[in-house]
Amino acid sequence: PFAVAFLGPDALVMGGRVPAGLTGRLHFWAVAPPRVADPVVTGEVYTLVATADGARVAAWAAREAVGGGGVKNNAYEVYDAKGNLVSSTADKGRNVLSAAFTPDLAWAVAGDESGVVRVFDLEKKERIGGDWPLFQNSFADLGVTADKKLLVAADNKGAVK
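Notes on the structure in this doc start here. Treat the numbers as computed from the prediction; the structure is a model and nothing was measured.

Here we take up the packing of aromatic side chains. Scanning the model with the defined rule gives six aromatic pairs in all. Ring geometry for Tyr76 against Phe120: centres 5.2 Å apart, planes inclined by 40°, an arrangement best described as tilted. Pair noted here: Tyr76 is in strand β8 (residues 72-80) and Phe120 is in strand β12 (residues 116-121), with a separation of 44 residues, a long-range link. Just as Tyr76 is buried, Phe120 falls in that class too. Grouping aromatic residues by their ring pairs yields a cluster made of Phe2, Tyr46 and Trp60.

Alignment of strand β6 (residues 44-50) against strand β7 (residues 56-64), held across six bridges, turns out to be antiparallel. Note on β7: the bridge partner recorded for Thr47 is Trp60. If you look at the hairpin formed by β6 and β7, you'll find five residues sitting between the two strands, and Gly54 has a positive phi there, around 75°. Direction of pairing for β7 relative to β8: antiparallel, over a ladder of nine bridges. When the sheet's bridge partners are listed, Trp60 is paired in β8 with Tyr76.

Turning our eyes to something else, we now look at the nonpolar core. Counting residues in hydrophobic clusters, the biggest one holds 16 residues, and the most contacted among them are Val13, Leu26, Phe28, Leu48 and Val57. Residue assignment for this core shows that the elements contributing at least two residues are β1 (3-6), β2 (11-16), β3 (24-31), β6 and β7. By size, the runner-up hydrophobic cluster in this structure holds 13 residues, among which are Ala62, Val78, Leu105 and Ala108.

Below, the discussion takes up unusual backbone geometry. Following Ala32, the chain continues to Pro33 via a peptide bond in cis, the omega torsion being -5°. Position of Pro33 relative to the elements: it lies in the loop between β3 and β4 (34-36). One non-glycine residue with positive phi stands out, namely Leu105, at about 60°. Structurally, Leu105 can be placed in the loop between β10 (96-101) and β11 (107-112). On the basis of relative accessible area, Leu105 is assigned to the buried category, the value being 3%. With phi around 65°, Lys148 is a residue other than glycine that occupies positive phi space. Inspection of the secondary structure assignment puts Lys148 in the loop between β14 (139-144) and β15 (151-155).

So, on to the pattern of salt bridges. The final tally for this structure, using the stated rule, is eight salt bridges. Among the ionic pairs, Asp104 bridges to Lys148, the shortest N-O distance being 2.8 Å. Here Asp104 is found in the loop between β10 and β11, whereas its partner Lys148 is found in the loop between β14 and β15, with 44 residues between them in sequence. Using a relative accessible area of 36% as the deciding quantity, one classes Asp104 as partly exposed. Accessibility expressed as a relative area gives 25% for Lys148, which makes it partly exposed. Because the salt bridges share partners, they merge into one network encompassing Asp91, Arg94, Asp112, Arg118, Arg127 and Asp131.

Parameters at a glance
- Residues numbered from 1 in each chain as written.
- Predicted model: local features only at pLDDT ≥ 70, side-chain atom pairs only at ≥ 80, totals over all residues.
- Heavy atoms only, no water.
- Phe/Tyr/Trp six-rings, centres within 6.5 Å; stacked < 30°, edge-to-face > 60°.
- Helix = DSSP H or I, 4+ residues; strand = E, 2+ residues; numbered from the N terminus.
- Buried < 20%, exposed > 50% of the residue type's maximum accessible area, 1.4 Å probe, protein only.
- Pairing = 2+ DSSP bridges.
- Core = buried A, V, L, I, M, F, W, Y, C linked by side-chain atoms within 4.5 Å.
- Salt bridge = Lys/Arg side-chain N within 4 Å of Asp/Glu carboxyl O.

So, in structure tokens, the structure goes:
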């Protein structure tokens, strides 16, 4: 798996992909009582973030775009703790390299290979503002504060903004 998030002390969700370019899965596990839910089909999962109460989890999932060419379509998806999809926000046709969610799962922030950040409102399923060209290099990582006032970003050459 690429990512793991804990849904409280007795449950977790893992996301990943399967070989040969097939679509990825989310796996919801509980330890008390032990059980695993049916896998949820999604794209390759690179980021998972759960709310503090474990009631919801957000995933950044990427799928190969139609026609391929190395371009991916991304989705920022929110699920309840049982694996039911609550919302999905599309970010098509760009190669996202890093994505983060606010702790309340209201926003997704994503940086791509061209150094551009986009911010998404997950409830409204739309972008907030325009593109933010932060770097001339591709993203390495990014994060956003809980109050949504600060974004910290790093590129693949070590610059931090």
